[in-house]
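Notes for the structure review
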Amino acid sequence: MNILLAASEAVPYAKTGGLADVAGALPKALTKLGHRVRVVLPRYNLEPVLRGGEKLPGSLLVPFKLGIRPTDVYADYSATAPVYFIDAPEYFSRGRLYGENDDVERFAFFSRAVLELAKATGEHVDVIHLNDWMTGLVPAFLKTAYAGDPFFAWTRTLFTIHNIAFLGHFNAGDLGLFGLPEWLNRPDTGIEFFGGVSALKAGIVFADAISTVSTRYAQEIQTAEFGNGFEGLLRARSQDLFGILNGVDYEEWNPEKDPFLAANFSIDDLSGKQECKRDLIRTFGLTEAIDRPLVASISRLSDQKGFDLIIDIALRMLDRGISFVLLGSGDDFYQSHFQALHDARPAQVGVYFGFSNELAHKIEAGADIFLMPSKFEPCGLNQMYSLRYGTAPIVRAAGGLDDTVENFDRSTGRGNGFKFYDYDSTRLLEKVYESLLIYIDRQSWRSLIQNGMRADFSWDVSARRYADVYEQLARRGARATV
């Protein structure tokens, strides 16, 4: 099949979260299955080199804001799946991916450019795979502005929700500027949402199928607690809603050959993990007590990720002799708090605000325990990285965390981590204390981490599920118009 995957970020070009990992790894896995896959991204000013990227001849002529905007396209053919970049400096040369006042306009333009790029290739596209609100307007364009275009008559769309908390909310008065009909501003068959319109709702309403990034999250978003106002609409479309767990790129995340590690290790020879722990301790300048439990977290610092719970138990963890390292950035409140914690306990607490891929690998390999007590978590990848690297995750049973982590049972030797259910710091602390009891029982701890290392969350499995959905869509016939 011919698949076009559109996303706002993808490794190794631009990343703020798990979406980038998916958009970077899924095309490779689909290509291995024999599908033709192309990826399209905005061209940010973040990539110093597009890994052999080249400017394509000619320009796209993108209808937008009541005119036609000529737009250059760059391509990187060195990747397993070709990657195309929409070059619009006034929209994407901002120094950051998101957080601008005109974010919806930026990605409305990108969405329109995706369709013009598809046409410019001249090759029929079976499925356009869209990701989060930044591409949510593509199905709306297809069923309105491009409804009579024979090029897309047999093209279907899959819209993947990576996080339903982000709406792409904008003023209904901008619909016409973007090239969309004003009748979309209605609640029933349109995209009206709480006084405005929503690009996320456009994806949910107009895509031919919807997916999200874990089985549990697909169930959760159909409830008032997690649906963010879309639960009724998603229940109505439940026959078209699929939960497909994100995979892990084990070519990148493999402790046996990871180039970032001080020593490599495997499920059969864990000696290198101790060297990784020693290296991590030295990297953060902590007291070199190799037998002391080392707890870590890598995350965007926000309420969603459960950092209020971690703050609540931090001193009690440290008082039990635990060391703690943190890699991430986000809310100033959390950054200030963890900086103060480091200043007060520099021998036990290490912090790095920002993102470092190398340091992320070192943390996954060198830590003993990984904290991920999210209030909600559509899928989560770090708990799966942790499992592969012999680092026991402590998670809240939400979304993909519940799908991937099984409580360890010392009596049976089954399980790969620790999870709690109520969003409460006491419940988190109980699991930390439980993990310490297992940690001092070296035989049980070895069984625990080896269970995690055996788990297979590779993209091979997930890619086959996506391919099944694509094929179901392709069998539906010619596109209906609205």
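In what follows, the structure referred to is the one given above.
Now for a look at the structure at hand. (Residues numbered from 1 in each chain as written. Predicted model: local features only at pLDDT ≥ 70, side-chain atom pairs only at ≥ 80, totals over all residues. Heavy atoms only, no water.)

Helix and strand content of the protein chain: 17 helices and 19 strands. Computed over the C-alpha atoms, the radius of gyration of the protein chain is 23 Å, within 12% of the 23 Å expected from 2.2 N^0.38 for a compact globule of 482 residues. In terms of principal-axis extent, the alpha carbons of the protein chain reach across some 65 × 45 × 40 Å. Per-residue burial for the protein chain yields a buried fraction of 59% across its 482 residues. A fraction of 72% describes how many contacts in the protein chain between residues 6 or more apart in sequence connect residues 24 or more apart. Within the structure as shown, the protein chain displays about 18,400 Å² of accessible surface, and the carbon and sulfur contribution to it stands at 49%. The averaged location of the 61 negative side-chain charges in the protein chain is 2 Å from the averaged location of its 50 positive side-chain charges. (Helix = DSSP H or I, 4+ residues; strand = E, 2+ residues; numbered from the N terminus. Rg over C-alpha atoms; globule rule 2.2 N^0.38 Å. Buried < 20%, exposed > 50% of the residue type's maximum accessible area, 1.4 Å probe, protein only. Contact = heavy atoms within 4.5 Å. Areas by Shrake-Rupley, 256 points an atom, 1.4 Å probe, with all protein chains shown as cover. Lys, Arg positive; Asp, Glu negative; His and termini not counted. Charge placed at Lys NZ, Arg CZ, Asp CG, Glu CD.)

Let's shift gears to the nonpolar core. Judged by nonpolar contacts, the single largest core of 96 residues is most densely connected at L26, I86, L137 and I161. Once residues lying within four places of it in the same chain are set aside, the contact partners of L26 are L5, H129, W459, A463, Y466 and Y470. Ranked by size, the runner-up nonpolar core spans 72 residues in total, among them C276, I310, I313 and L448. (Core = buried A, V, L, I, M, F, W, Y, C linked by side-chain atoms within 4.5 Å.)

Moving on: the side chain of E9. By the element assignment, E9 lies in the loop between strand 1 (2-6) and helix 1 (18-32). Although E9 is buried, it forms no salt bridge, and the closest oppositely charged side chain is K15 at an N-O distance of 7.3 Å. A distance of 3.1 Å separates a polar side-chain atom of E9 from the backbone nitrogen of G17. Among the polar contacts listed, one links the side chain of E9 to the side chain of Y98, at a separation of 2.5 Å. (Salt bridge = Lys/Arg side-chain N within 4 Å of Asp/Glu carboxyl O. Polar contact = N/O pair within 3.5 Å; in protein donor to acceptor, adjacent residues only side chain to side chain.)

Bridge analysis of strand 15 (residues 323-330) against strand 16 (residues 349-353) gives 5 bridges, and the strand direction is parallel. Looking across to strand 16, one finds that F324 is bridged to V349. Between the parallel pair strand 15 and strand 16, the chain is carried across by helix 11 (residues 332-344), and the sense of this crossover is right-handed. (Pairing = 2+ DSSP bridges. Right-handed = clockwise from strand over helix to strand, strands pointing away.)

Remark: helix 10 (residues 307-319) packs on helix 15 (residues 425-439), axes separated minimally by 9 Å, with the N-to-C direction vectors making an angle of 40°. By the angle class used here, helix 10 and helix 15 are oblique. In this structure, helix 10 crosses over helix 15, and the sense of that crossing is right-handed. Along the contact surface, helix 10 presents L309, I310, D312, I313, R316 and M317, while helix 15 presents S425, L428, L429, V432 and Y433. For the contact of helix 10 with helix 15, a count of residues per class yields 8 nonpolar, 1 polar and 2 charged. (Axes fitted to C-alpha atoms, helices over the stretch in contact; angles between N-to-C directions. Parallel < 35°, antiparallel > 145°, perpendicular 65-115°, else oblique. Left-handed = near helix turned anticlockwise from the far one by under 90°. Nonpolar A, V, L, I, M, F, W, Y, C, P; charged D, E, K, R; others polar.)

Moving on: the pattern of salt bridges. As a working rule, side chains carrying opposite charge can pair if their charged atoms are close by. Taken as a whole and judged by the stated rule, the model has 33 salt bridges. Across the salt bridge formed by R69 and E90, the nearest N and O atoms sit 2.5 Å from each other. Of this pair, R69 sits in strand 5 (residues 67-76) while E90 sits in helix 2 (residues 89-92), and the two are 21 residues apart along the sequence. Measuring nitrogen to oxygen at the nearest pair gives 2.8 Å for the salt bridge that ties R427 to E430. Here E430 and R427 lie together in helix 15, a separation of 3 residues that amounts to about one turn. Taking the relative accessible area as the measure of exposure, E430 reaches 41% and is therefore partly exposed.

Moving on: a negative patch on the surface. Judged by side-chain charge, D303, D308, D331 and D332 come together as a negatively charged surface patch. By the secondary structure assignment, D303 is in the loop between strand 14 (294-301) and helix 10. (Patch = residues over 30% accessible without salt bridge, like charges linked within 9 Å, V, L, I, M, F, W, Y side chains within 5 Å.)

What follows deals with the pairing of strand 14. Within a regular strand, side chains alternate between the sheet's two faces. Here strand 14 lies mainly inside the structure; 7 of its 8 residues are buried. The pairing of strand 14 with strand 15 spans 8 bridges and is classified as parallel. Along strand 15, the bridge assignment pairs A296 with V325. In this fold, the crossover linking strand 14 to strand 15 by way of helix 10 has right-handed handedness. Across 2 bridges, the pairing between strand 14 and strand 17 (residues 369-372) is parallel. What sits directly across from A296, in strand 17, is F370.

This part is about unusual backbone geometry. Note the cis peptide between V11 and P12, where omega equals 5°. The backbone phi angle of K65 is positive, close to 50°, even though this residue is not glycine.

Ordered by their spatial adjacency, 3 strands build an open sheet running 9-11-10, and the pairing between neighbours is antiparallel. Looking at which strands have only one partner, the edges of the open sheet turn out to be strand 9 (169-170) and strand 10 (192-193). Relative to strand 11 (residues 196-198), strand 9 runs antiparallel, the two being bridged by 2 bridges. From the neighbouring strand, H169 faces strand 11, where its bridge partner is S198. Where helix 6 (residues 199-206) meets the sheet, it contacts strand 9, strand 10 and strand 11, and its direction lies at approximately 55° from that of strand 11.

We now examine the packing of aromatic side chains. The final tally for this structure, using the stated rule, is 27 aromatic pairs. Measuring from centroid to centroid gives 5.9 Å for W253 and Y389, while their planes differ by 75°, and the two rings are edge-to-face. Here the residue W253 occupies a position in the loop between strand 13 (241-243) and helix 9 (271-284), and Y389 occupies one in the loop between helix 13 (382-388) and strand 18 (392-396), the gap between them amounting to 136 residues. Each member of the pair, W253 as well as Y389, carries the same accessibility label: buried. Taken together, the ring pairs connect Y44, F64, Y91, F92, Y98, F107, F109, F110, W133, F170 and F178 into an aromatic cluster. The ring of Y433 is capped by R320, whose NZ or CZ atom sits 4.6 Å from the centre of that ring. Directly above the ring of Y439 sits R442, whose terminal nitrogen or CZ lies 4.5 Å from the centroid. (Phe/Tyr/Trp six-rings, centres within 6.5 Å; stacked < 30°, edge-to-face > 60°. Lys NZ or Arg CZ within 6 Å of the ring centre and 35° of its normal.)

Under the 1.5 Å per step criterion, the end-to-end length of helix 1 is 21 Å for 15 residues, consistent within 8% with the ideal 21 Å. The buried fraction of helix 1 is high, at 11 of 15 residues. Among all positions of helix 1, only L19, A20, D21, V22, A23, G24, A25, L26, P27, A29 and L30 are buried. Tucked into the core, helix 1 has its buried residues touching strand 1, strand 2 (36-42), strand 7 (127-131), helix 13 and helix 17 (459-474). Looking one or two residues past helix 1, G34 carries a phi angle of roughly 100°, positive in sign. (Expected span 1.5 Å × (residues − 1).)

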